[in-house]
Amino acid sequence: MLVYLSGAYHAFYFLATLLLLVYKSQVFSYPQRHLVLDVALLVATGVLEAVGVYFGTKGNLTEAEGPLAVSLLLTGITALLSTYFLRWQTLVLWVDTALGATRLALHGLEAVLQVVTIAAFVS
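J.: Account for the packing of helix α3 (residues 65–88) against helix α4 (residues 94–122), naming residues and giving values.
T.: Viewed as axis vectors pointing N to C, α3 and α4 meet at an angle of 160°, and their least axial separation amounts to 9 Å. For the element pair α3 / α4, the angle class is roughly antiparallel. Seen along the crossing, α3 lies across α4 with a hand that is left-handed. When the residues that make up the contact of α3 with α4 are grouped by side-chain class, the tally is 13 nonpolar, 10 polar and four charged.

This is the structure in C-alpha cells:
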C-alpha cells in the first residue's frame, strides 16, 4: 500500500517541482546553468523513483529480498536527491520545503518498512 501511495506522491512531486522550476525561472533571476542542473536532477529523480517502485513491487509480490534490496538502495539515492531539492537548489521556496519534507518522510517510512520486509523474507 505504501509503495502505491509513495508512487502517486512522487508523480505529484515531480510535476509540482517541474512547474515550480518553470515559475522560478520566469519570476526570479535563475541562472541558466543552475536551471539545467535542477531539471536534470529532477528527471534523474523521476527515473530512479520509477525503477525503485518497480523493484519494490516486484520484490514484495515475489517475496524476494534481492529486488527489495535494490529498491532500498534506490530509496537512499532518491532521499539524497530529495535533500538536494529541499536544501541546496538555487532557490528554495516554502512550497519546496513542504513538498520535500513530505517526500523525505515517505522515504524514511519506506526504508524502514523495506528493511523489516527484507528481514522477514530472509528468516
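J.: An account of α3 is requested, with residue identities and associated values reported.
T.: In this model, α3 (24 residues) spans 33 Å end to end at C-alpha, consistent with the 34 Å of a helix rising 1.5 Å per residue. When α3 is considered as a whole, its buried residues turn out to be Pro67, Leu68, Ser71, Leu74, Thr75, Thr78, Ala79, Leu81, Ser82, Tyr84, Phe85 and Leu86.

J.: Would you mind going over the side chain of lysine 24 in detail, with residue names and values included?
T.: Along the polypeptide, lysine 24 turns up in helix α1 (residues 2–27). On the accessibility criterion, lysine 24 (0% relative accessible area) is buried. Apart from the residues within four sequence positions on either side, lysine 24 is in contact with Tyr30, Gln89, Leu91, Leu93 and Asp96.

J.: Break down the packing of aromatic side chains for me, with residues and values.
T.: For the coordinates displayed, the defined rule picks out five aromatic pairs. Geometrically, the ring pair formed by tyrosine 23 and phenylalanine 28 is edge-to-face, given 6.1 Å between the ring centres and 85° between the ring planes. Relative to phenylalanine 85, the ring of tyrosine 84 lies with its centre 5.3 Å away and its plane at 80°, an arrangement referred to as edge-to-face. Phenylalanine 85 carries the same exposure label as tyrosine 84, and that label is buried.

Definitions and cut-offs
Residues numbered from 1 in each chain as written. Predicted model: local features only at pLDDT ≥ 70, side-chain atom pairs only at ≥ 80, totals over all residues. Heavy atoms only, no water. Axes fitted to C-alpha atoms, helices over the stretch in contact; angles between N-to-C directions. Helix = DSSP H or I, 4+ residues; strand = E, 2+ residues; numbered from the N terminus. Parallel < 35°, antiparallel > 145°, perpendicular 65-115°, else oblique. Left-handed = near helix turned anticlockwise from the far one by under 90°. Nonpolar A, V, L, I, M, F, W, Y, C, P; charged D, E, K, R; others polar. Expected span 1.5 Å × (residues − 1). Buried < 20%, exposed > 50% of the residue type's maximum accessible area, 1.4 Å probe, protein only. Contact = heavy atoms within 4.5 Å. Phe/Tyr/Trp six-rings, centres within 6.5 Å; stacked < 30°, edge-to-face > 60°.

The quantities given are spatial measurements derived from coordinates; they are silent on function.
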